[in-house]
Amino acid sequence: MQMPVNQQIRQVPGLYRKRVGDIVITAVNDGIVPLPPEVMVGMAPDGVRKTLTGRFRPAEPHVTVGAYLVEHGERRILIDTGSGSLMGPTLGKVMQNLAALGVSPDQIDSVALTHMHADHAGGMLDGSGAAIFPKADVFLAVEEDRHWYGGEPPTDAVGVSEQVNSYSGKLRAAYAGRWHLIAEEEILPGLRRMALPGHTPGHSGYMVSSGDDQLLIWGDITHVPVVQIAHPEVGMVFDVDVEQARATRKRILDMAATDGLAIGGMHLEFPGFGHVIRNGANYEYVPDLWLPEM
Ligand SMILES: [Zn+2]
């Protein structure tokens, strides 16, 4: 059927695959959410709007959300799970995109979390509080577990912690016996956790390695990369420790640019693979070329 050109169109499923040695990594889109410029810390709202429109983006920050499927031999590992039903109708698309890829929840062996926020762990529970991934082992940084479960539930000015507190108990119960606390270590062959503290105390990246190939999935090093890669000093109101997040962001941008490291990130603009290069005293993001086969 011919579609009239003036009719609203939807994108095809949000999936993009990349090879790292013997490992295949698929960026799985969860959606995109507009936020007010006031969510950015260290740049005035007018500056945020100007930076965004100067790069042909909408004036309100639009935060892309995603997860990554790591396929290694027979093993399928999901790094983060998107938002599930927790963050409104423009997000929560990870499961439908995985289905479009032909992957069902019971085929996921492991879920490695970057941190506990709802746009990362929200896809782990269904509406009744049951585990979406019936067979998956869950990996979470020991510092992240301590932050959310170690004492009084954390609070913050913008309500993000309260949201996590509303499901954290259910989450750990649903995955009881499969909940693994990790240090900076290789959690599975070819998958090493890297501590990237600041956004949350146990915020993690995952280094994917196979042969001479490497890719760092850096979690929430940036939320609005068009702003924060050019201006790494700019943080987010959701950062538990803005100063520490800023120092970690600068350290990782420097490392990525120095080493020419391939990167992925949950809030990189889809499809979420690229490199960082230096641009004067700051940095620039160079997205991957879309390749039909690898
Ligand atoms: Zn996030």
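Residues numbered from 1 in each chain as written. Predicted model: local features only at pLDDT ≥ 70, side-chain atom pairs only at ≥ 80, totals over all residues. Heavy atoms only, no water.

Q: Let's hear about the pairing of strand 5 (residues 75–79): which residues, and what values?
A: Pairing of strand 4 (residues 62–72) with strand 5, which is carried by five bridges, proceeds in the antiparallel orientation. Within the sheet, the bridge partner assigned to Val70 lies in strand 5 and is Ile77. Connecting the antiparallel pair strand 4 and strand 5 is a turn made up of two residues, with Gly73 showing a positive phi of about 60 degrees. One ladder, built from three bridges, connects strand 5 with strand 6 (residues 110–112); its direction is parallel. In the strand pairing of strand 6, Leu78 is matched with Val111. Between the parallel elements strand 5 and strand 6, the chain passes through helix 2 (residues 94–101) in a crossover that is right-handed. (Pairing = 2+ DSSP bridges. Helix = DSSP H or I, 4+ residues; strand = E, 2+ residues; numbered from the N terminus. Right-handed = clockwise from strand over helix to strand, strands pointing away.)

Q: Account for the coordination of the zinc ion, naming residues and giving values.
A: Protein coordination at the zinc ion comes from Asp119 (OD), His120 (NE2), Asp220 (OD) and His267 (NE2), with a distance range of 2.0 to 2.4 Å. Each of the four donor atoms around the zinc ion contributes to a set of angles spanning 87 to 178 degrees, which defines the coordination as irregular. Sequence spacing of the donor residues for the zinc ion, all on one chain, is D-H-x99-D-x46-H. Per residue, the accessibility class of Asp119 equals that of His120, and both read buried. (Donors = N, O, S within 2.8 Å, 3.2 Å for Na, K, Ca; no water. Tetrahedral: all angles 85-135°; square planar, octahedral: opposite > 155°, others 65-115°. Buried < 20%, exposed > 50% of the residue type's maximum accessible area, 1.4 Å probe, protein only.)

Q: Account for the packing of aromatic side chains, with residues named and values stated.
A: Enumeration according to the criterion identifies four aromatic pairs in this entry. Note on Tyr16 and Trp290: the rings are 6.3 Å apart at their centroids and 40 degrees apart in plane angle, and the pair reads as tilted. Placement of the pair is Tyr16 in strand 1 (residues 15–20) and Trp290 in the segment after strand 16 (282–287), with a sequence separation of 274 residues. Assessed through its relative accessible area of 7%, Tyr16 is described here as buried. Counting every residue linked through ring pairs, the aromatic cluster contains Tyr16, Tyr68, Phe273 and Trp290. Over the ring of Tyr149 we find Arg172; its NZ or CZ atom is 4.0 Å from the centre of that ring. (Phe/Tyr/Trp six-rings, centres within 6.5 Å; stacked < 30°, edge-to-face > 60°. Lys NZ or Arg CZ within 6 Å of the ring centre and 35° of its normal.)

Q: Please set out the environment of Gly274 residue by residue, giving values where relevant.
A: By the secondary structure assignment, Gly274 is in strand 15 (residues 273–279). Separated by 13 residues in the primary sequence, Gly274 and Leu261 place their C-alpha atoms 8.8 Å from one another. Other than its neighbours up to four places away in sequence, Gly274 contacts Leu261, Ala262, Ile263, Tyr285, Val286, Pro287 and Asp288. (Contact = heavy atoms within 4.5 Å.)

Q: Could you give an account of the environment of Leu188, with specific residues and numbers?
A: Relative to the helices and strands, Leu188 resides in strand 9 (residues 186–188). Residue contacts for Leu188: discarding those within four places in its chain leaves Arg75, Ile77, Ser110 and Phe139.

Q: Any details on the sheet that holds strand 7 (residues 137–141)? Residues and values, ideally.
A: Read from one edge to the other, the open sheet built from seven strands follows the order 1-2-4-5-6-7-8, with strand pairing classed as mixed. The open sheet is flanked by strand 1 and strand 8 (179–182), the only strands paired with a single partner. The mean angle between the axes of side-by-side strands here comes to 25 degrees, regardless of whether they run parallel or antiparallel. Of the strand pairs in this sheet, strand 1 and strand 2 (residues 23–34) are connected by six bridges, and their pairing is antiparallel. Bridge assignment links Arg17 to a residue of strand 2, and that residue is Thr26. Of the strands in this sheet, strand 7 and strand 8 are in contact with helix 4 (residues 142–149), which crosses strand 7 at around 85 degrees. (Axes fitted to C-alpha atoms, helices over the stretch in contact; angles between N-to-C directions.)

Q: Describe in detail the nonpolar core, supporting the description with residues and values.
A: Membership of the largest hydrophobic core comes to 26 residues, with the highest contact counts inside it found for Met116 and Leu171. Of all elements in the fold, only strand 4, helix 2, helix 3 (118–121), strand 7, helix 4 and helix 5 (160–174) reach the threshold of two or more residues within this core. Broken down by element, this core gets its largest block of residues, three residues, from helix 5. (Core = buried A, V, L, I, M, F, W, Y, C linked by side-chain atoms within 4.5 Å.)

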